[in-house]
Every structure is written in C-alpha cells, then in structure tokens.
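Each chain, written out:
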Amino acid sequence: MYLGSNNLSGELPANIIGPQLIAIDVSFNPLSGKLPQNFAKVGSSMIVVGTSINANGLQDSKVSGMLQCLQADSKCSSKFPSSSFSIKCGGTGQTSASGIEYDDDSEMLGAASLHTNSDMWAVSNTGNFISNPAPKYIAQTDSQITETLESELYKTARISPSSLRYYGLGLKNGKYNIELHFAEIAMDDDFQSWKGLGRRLFDVYIQGERVLKDFNIQKEAGGSKRALIKRFEANVTNTIIDIHFFWAGKGTCCIPLQSTYGPLVSAIHVSQSSDGTDSSKRDKKNVGKLVGITVGCAAGLVILSSVFYVWWTRNTHKHIYIDRDPLGK
C-alpha cells in the first residue's frame, strides 16, 4: 500500500495493519507517534521516511541512522559534504568511459525496503508486482544497448511496481545537474506480435516537483534497448536531494510477461553546477546588485544636477548684473 505524500497527519491507527497487508509506505507525511502495536505481530514491512514516526527497531542500525536524518525537518549533515554521487541502479559498480564511478546498487529489495551502501545516498522501494510472488525488483538483459558507448551501464536496471526513490545525502547546498539514464530492456519492439503492445508509463519527481509525466522510455528513445539520458536541474537547500519514480497505474501490466510495468531506471549521476550557487541566493544577490546600481545612478544624478544648478545660478546672476548697469561696467 502506497500512502506517501498524501498530507496525512496524526498517528497511524492500529486498524491500518491487517493480516493481508504485505507492505506499506507512509513516507513524506506529517505523521508522528509510534508504530501500531500490532505491526510486529503481522510481520509487514513499512517505510516511514520523511515522517516523525518513532521507528526504533524497524530497520538495522546503519539504516536507522540514515533514516533519522531523513525524518521530517531534518538535515543529513556531514563533516565532509559531497557535491556529487553516481549510482548503477540495479547493478554492480562500474566506471564509465568518461571516468564517472557508479556505485553498486545490486541489493535485493523487498516490498517496503530502505537501503544504503554508503553515506552518500539511499534507495527505497514500495509495492508488490501483480502475479509475481517472488519479485527481484531488478531487470537485466544480455542484449547490446544502442545509441551509447556505455552499453554495460544499461544492461541492468532498478524497477518497482509502485514507488522507487533515491536520496542524495549530506550534499553541499546549491544548484545541481541531474542525469537520469534509461533503456527499456523488458519490453519488445516486435510490433507484428502482441508482445510488442506493452507500454511502460510512469512519472518522475525531483525535489517534489514533477519533471516527467506519463514518461515512456521506449517512445522517447525510439525503441527498446536504446539508451536515453534525461537531464534536469534542481536546488539543494537542506543537504538532501530526492528523486522519485512513481507508477500512477497507467500503461500495460502484463505484456510481454506478467508484472511488466512500473518505473525503471538504469543509472543516476548527480553533480553540483560549476557556479555552485543556489539559484535563490543568486537571485537575491542579483537583486542586491540591481538595487546598488540604481541607488548609485540616482546619487550620481543628484550630484550632477546640484553642480549644474550652482553653475547656472552664478552665471544667471552675472548676466543680470551686466544688463542692469547703465554705464556698461
């Protein structure tokens, strides 16, 4: 069950946990209090990122520490703030031809999982695939990926039936460039067969703002197994960046195989812009400069006007005196 970002407040009621509930995501809601008492008995999974719920015992110690910094109104501070991170979504770490080192993200996630393998980023997943009792949440292919020199980067991908979220942690505040790498590796291009009728549609949010709606990798890239990079900019003001891939129930679900739907991403690369300046601060600086220039110009105009007035007054009196002298003196 995905209830994230629904402005839910108060404490979680006990009756929200039932015997049929496998996983629940209540992230980014102004919730507080403790977990329902019957939660441990049922054995469900839960994600409480971005809430104020006391989740002691919900995660292991490493994840719990990271979870605390993702709680509502918190910051993931670091002694050595970073300005970039790269993730090989759903695969082992590798270095690209351009020298970018992509971190390993091959951990098997569950129906409601939160995982981190470093202090720089974390990933959460929510949902269960339809008619798939043992999902892996990772897609892979042995086929060559075209339209790129980095074919290996796209041969694995992280997938989710509902909500997939990546968090950059302990970042320097400022403006960032974001590269999202995609390649449709689970659906076919065989339009002569029913197997080519599958459509994967999902939305992408960055810092809570939707940047892609009903995104279709296959359509945007011009076919399956073709690399596609989407680039965006975002501001970091609280040391955290949030990249959210969300399935809104659109597209097909079971072509060419059962449970072929939901968001899919091959890799993520995030780096601070060269100016390293938060655009809001930069705008304030520009406004300050503009005000300073305006005030300076106004002051200069006043001084110039005063000088001209004094000169004009003196010369006017002199001319009047000469005109009134009958002897011409």
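About the criteria used
Residues numbered from 1 in each chain as written. Predicted model: local features only at pLDDT ≥ 70, side-chain atom pairs only at ≥ 80, totals over all residues. Heavy atoms only, no water. Pairing = 2+ DSSP bridges. Helix = DSSP H or I, 4+ residues; strand = E, 2+ residues; numbered from the N terminus. Salt bridge = Lys/Arg side-chain N within 4 Å of Asp/Glu carboxyl O. Buried < 20%, exposed > 50% of the residue type's maximum accessible area, 1.4 Å probe, protein only. Core = buried A, V, L, I, M, F, W, Y, C linked by side-chain atoms within 4.5 Å.

- The chain is annotated in an unreviewed UniProt entry as lrr-rlk from Vernicia fordii.

**Thoughts on the sheet that holds strand β16 (residues 264–265)**
Working step 1: Read from one edge to the other, the open sheet built from 3 strands follows the order β8-β9-β16, with strand pairing classed as antiparallel. Strand pairing shows two members of the sheet lacking a second neighbour, β8 (138–140) and β16, which therefore form its edges.
Working step 2: In this structure, β8 lies alongside strand β9 (residues 156–159), joined through 3 bridges in antiparallel fashion. By the bridge assignment, Gln 140 is partnered in β9 with Thr 156.

**Points about the pattern of salt bridges**
Working step 1: Tallied over the full model, the rule gives 10 salt bridges.
Working step 2: With its nearest N and O atoms 3.4 Å apart, the salt bridge here joins Arg 231 to Glu 179. On the criterion of sequence distance, the pair formed by Arg 231 in strand β14 (residues 228–236) and Glu 179 in strand β11 (residues 174–182) is long-range, its members being 52 residues apart.
Working step 3: By relative accessible area, Arg 231 is classed as exposed at 57%.

**Describing unusual backbone geometry**
Working step 1: Between Ile 255 and Pro 256 the backbone carries a cis peptide bond, its omega angle lying at 5 degrees.
Working step 2: If you check the backbone angles, Tyr 137 has positive phi at about 60 degrees while not being a glycine.
Working step 3: On the secondary structure map, Tyr 137 appears in the loop between β7 (121–126) and β8.
Working step 4: Positive phi, close to 65 degrees, is recorded for Glu 147, a residue that is not glycine.
Working step 5: The topology assignment puts Glu 147 in the loop between β8 and β9.
Working step 6: On the basis of relative accessibility, which here comes to 54%, the residue Glu 147 falls in the exposed class.

**Side note on the nonpolar core**
Working step 1: Counting 48 residues, the largest nonpolar core has Tyr 166, Leu 180, Phe 245 and Ile 268 as its most contacted members.
Working step 2: Of all hydrophobic cores here, the second largest spans 7 residues; its members include Leu 12, Ile 16, Ile 24 and Val 26.

**Observations regarding the pairing of β7**
Working step 1: For β7, a buried count of 6 out of 6 residues is recorded, marking the element as mostly surrounded by other parts of the structure.
Working step 2: Burial of the side chains of β7 extends over both faces: Trp 121, Val 123 and Asn 125 are buried on one face and Ala 122, Ser 124 and Thr 126 on the other.
Working step 3: Of the pairings in the sheet, the one linking strand β6 (residues 112–115) to β7 comprises 4 bridges and is antiparallel in character. Among the inter-strand pairings, Ser 113 is bridged to a residue of β7, identified as Asn 125.

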